[in-house]
Every structure is written in structure tokens, then in C-alpha cells.
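# Overview (structure and organization)
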Amino acid sequence: MICRHVRSLLSDELDGELNEDASEQLRKHLGACEPCADAFRALRRTVRFIQAKGPVDVPADSAERSAERFLAALMSADTDEAELGRVIAEEAQRLTLKGG
Ligand SMILES: [Zn+2]
């Protein structure tokens, strides 16, 4: 499995939507590839953060754009965790501002 492919499957893995085979291959890659493992941890943290905040009252298209931007950052094999953290913080703040 190449990094780009792994990145595209991370959110499916979190949602439990991967079949056993794909999930096993993905976890094998995460065990050997630190950048992808970082991306997976960052994504999991983000999902927990959003869930902990409860439903955020923002226009659907705004939330969707944030999710797309975040996923685009995740998909890039060049993105390190610090940069992901910045994207997450920016989008979280933007959602809070719009929703508050
Ligand atoms: Zn990788």
C-alpha cells in the first residue's frame, strides 16, 4: 500500500467501513510508516474533538468545506503533524466563529 492510498482510507478505517483485508493492510502500513501513523492519530484526535464539542451549528456547506480542506491536508503525504495541527486549529476556530 502506498502512502497516498493509505491517506485516502484513514477516515473509512475510523468509521469502521473497511473490510477486514483492507483494514489489516492499512494497519500494517501504519505500523511501519510514521508519517501515516501521525496522520491517523491527528484524524482520530480531530474526530474526538468534534464529537466532544457536540453538534456544531454551522451551515452544512461550511462544515463540508472544512472537512474537505482537512482531508486534502491529510491526503498529502508531505503534510507533517505540525501542519495538520495548524489546519485543524484554523478550521475549528472558523467553525466556532461561524457557529457562535
Ligand atoms: Zn505511509
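Attention now moves to the overall build of the protein chain. Summing up its helical and strand segments, the protein chain has five helices and zero strands in all. Secondary structure of the protein chain in N-to-C order comes out as α-α-α-α-α. When each of the 100 residues of the protein chain is scored for burial, the buried share is 16%. Restricting to contacts in the protein chain with at least 6 residues of sequence separation, those with at least 24 account for 67%.

What follows is about the nonpolar core. Core analysis: the largest hydrophobic core is formed by 12 residues, namely Val6, Leu10, Leu26, Cys36, Ala39, Phe40, Ala42, Leu43, Phe70, Leu74, Leu84 and Ile88. Looking at this core, the elements with two or more residues in it are helix H1 (3–14), helix H3 (34–53), helix H4 (60–75) and helix H5 (81–99). When residues of this core are assigned to their parent elements, the largest contribution, five residues, is made by H3. If near-sequence neighbours (up to four positions away) are discounted, Leu26 is found in contact with Met1, Val6, Leu9, Glu13 and Leu18.

Contact geometry for H1 and helix H2 (residues 20–32): axes closest at 11 Å, N-to-C directions at 120°. Considered as vectors, H1 and H2 are oriented oblique to each other. In terms of crossing hand, the pair formed by H1 and H2 is left-handed. Contacts from Val6, Leu9 and Glu13 in H1 reach Ala22, Ser23, Leu26 and His29 in H2. The class makeup of the residues in the contact of H1 with H2 is four nonpolar, two polar and one charged.

Let's shift gears to the environment of Ala67. Looking at where Ala67 falls in the secondary structure, it is placed in helix H4. Along the chain, Ala67 and Ile88 lie 21 residues apart, while their C-alpha atoms are 9.5 Å from each other.

Under the 1.5 Å per step criterion, the end-to-end length of H1 is 17 Å for 12 residues, consistent within 8% with the ideal 16 Å. Turning to H1, its buried residues number three or more, namely Val6, Arg7 and Leu10. For H1, the angular spread of buried residues about the axis comes to 100°, placing them on one side. Facing away from the buried surface of H1 by more than 90 degrees, the exposed residues are Arg4 and Ser8. Phi turns positive, to about 70°, at Gly16, one or two residues after H1.

Moving on, we come to the environment of Leu84. Here Leu84 is to be found in helix H5. As for Leu84 and Leu74, which are separated by 10 residues in sequence, their C-alpha atoms are 7.2 Å apart.

What counts as what
- Residues numbered from 1 in each chain as written.
- Predicted model: local features only at pLDDT ≥ 70, side-chain atom pairs only at ≥ 80, totals over all residues.
- Helix = DSSP H or I, 4+ residues; strand = E, 2+ residues; numbered from the N terminus.
- Buried ≥ 20, exposed ≤ 12 C-beta atoms within 10 Å, placed from the backbone.
- Contact = placed C-beta atoms within 7 Å.
- Core = buried A, V, L, I, M, F, W, Y, C linked by C-beta atoms within 7 Å.
- Axes fitted to C-alpha atoms, helices over the stretch in contact; angles between N-to-C directions.
- Parallel < 35°, antiparallel > 145°, perpendicular 65-115°, else oblique.
- Left-handed = near helix turned anticlockwise from the far one by under 90°.
- Nonpolar A, V, L, I, M, F, W, Y, C, P; charged D, E, K, R; others polar.
- Expected span 1.5 Å × (residues − 1).
- Arc of directions from axis to C-beta.

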